[in-house]
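# Coordinate inspection notes
So the chains spell out like this:
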Amino acid sequence: MSDYAPISYKAALTLPPFACPTWIRPLVQNIPLDGSLTLAGGWRQFSHVDVVQRDDDNSYAARRMHVDAVISAADDRNKAVAAIEHLTMPRAGFAGLAMNQPHIMGILNVTPDSFSDGGQHNAPVKAIAAGAAMQAAGASIIDIGGESTRPGAEPITRNQELARILPPITGLAKAGALVSVDTRHADVMTRATTAGAGIINDVGGLRADGALGAASDSGAPVIIMHMQGTPESMQNNPHYGFAPVEIYEFLEARISAAIDAGIPRDKIAVDPGFGFGKTLTHNMELMNWFGMLHGLGVPLLLGASRKSTIAKISQDEGAGDRLAGSITLALQGIHEGAQMIRVHDVPETAQAIAVQMALYDAT
């Protein structure tokens, strides 16, 4: 639990569920039980949940309960039923992809300074070839980014970003790939979607000037990410009361803002932003409580590939030597029902996910 405000499990909650701010974490089961519910219409089931409450003093408490007990004990049964329905209802297709199975998003950074693959795909021909190889290896989406968002990264001009991303976006889209553009900037979103990008993936959560309007006008599905601070400052002492709940609240507010801007809910997915303005402790909390985010009612993306948290837990390996840790985090995301996994190592991750899904099918 958090180093800052540990959550406590109580024999009885202070108030009935939904009599104060309340969140629900589904506890996925390896072997489905009688009466189990399907998580987000996908491949995982649950019958018990952790009910989390926030008190007036900003402290958190949780109690493990059966789903039926949550509804019967709730202060407002309509809210309880709605919360469970958000966890269970099948997700609509996203950018033409069925969300009842996991998908891999292959990372294609066309930058000189990204933390892991900077400089590897600077030439458009190399980038297009790398993207095609990812698609052949099992990636459903190719995510193209022209601006590094690693900790401490310096901003670049929009012209620099566009010059980097437009050729590979155009080439891969013409070849039939589903391309997402990894950008925070409104004018880049517009140009990229015009060039063939089918998804906007914004680490800034559509908060930049004009970003909501540009995303809405494009008609493209969007992925909204949580980040505390900016890439330049995000790792300068990030602080939360209880990170999973605060990330949830941020994403809930951004979903509402996107809908208000004219983006339909079925064109919205979210990413909790592993490693973006979070310590090792926050990232581990996020992974353990990832399933709670299904309560937002939209598809979830996890991007933990090669992140420095892996090295901090292990032996300070360089970015290129974090494959095992990356796959472990990817499989934890699959375990928690994440519909999309953003990775550098597509063939290896695809193999691991195929085996994991076969194990689920065999139970």
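Everything discussed here concerns the structure shown above.
To start, this report covers the structure provided alongside it. Please read these numbers as outputs of a predicted model, since none were measured by experiment. (Residues numbered from 1 in each chain as written. Predicted model: local features only at pLDDT ≥ 70, side-chain atom pairs only at ≥ 80, totals over all residues. Heavy atoms only, no water.)

For the structure on display, the rule yields two cavities of 30 Å³ or more. Each pocket or cavity is described by its volume, and for the largest cavity that value is around 40 Å³. Lining the largest cavity we find Leu39, Ala40, Gly42, Trp43, Arg44, Met99, Gly337 and Gln339. Of the pockets and cavities examined, the second largest cavity occupies roughly 30 Å³. Lining the second largest cavity we find Leu302, Ala304, Ser305, Ser326, Leu329, Ala330, Ile341, Arg342 and Val343. Contributing elements (two or more residues each) for the lining of the second largest cavity: α10 (323-335) and β13 (340-343). Residues of the lining of the second largest cavity, tallied by class, amount to six nonpolar, two polar and one charged. (1 Å grid on protein atoms, 1.4 Å probe; cavity = no way out; pocket = protein on both sides within 12 Å on 5 of 7 lines; lining within 4 Å. Points joined across faces, edges and corners; volume = space filled by probe spheres on them. Helix = DSSP H or I, 4+ residues; strand = E, 2+ residues; numbered from the N terminus. Nonpolar A, V, L, I, M, F, W, Y, C, P; charged D, E, K, R; others polar.)

All right, on to the sheet that holds β13 then. If you walk across this open sheet you meet the eight strands as β11-β10-β9-β8-β7-β6-β13-β12, and the pairing is parallel. The open sheet has two edge strands, β11 (268-271) and β12 (301-302), and neither has a second partner. For strand β8 (residues 179-182) and strand β9 (residues 199-202), the ladder comprises three bridges, and the chain directions are parallel. Bridge pairing in β9 places Val181 opposite Ile200. (Pairing = 2+ DSSP bridges.)

With that settled, the discussion passes to the pattern of salt bridges. Per the stated rule, a full pass over the model turns up nine salt bridges. For Arg25, the salt bridge identified is with Asp50, shortest N-O distance 2.5 Å. On the criterion of sequence distance, the pair formed by Arg25 in strand β2 (residues 22-29) and Asp50 in strand β4 (residues 45-54) is long-range, its members being 25 residues apart. There is no split in this pair, since Arg25 and Asp50 are both buried. (Salt bridge = Lys/Arg side-chain N within 4 Å of Asp/Glu carboxyl O. Buried < 20%, exposed > 50% of the residue type's maximum accessible area, 1.4 Å probe, protein only.)

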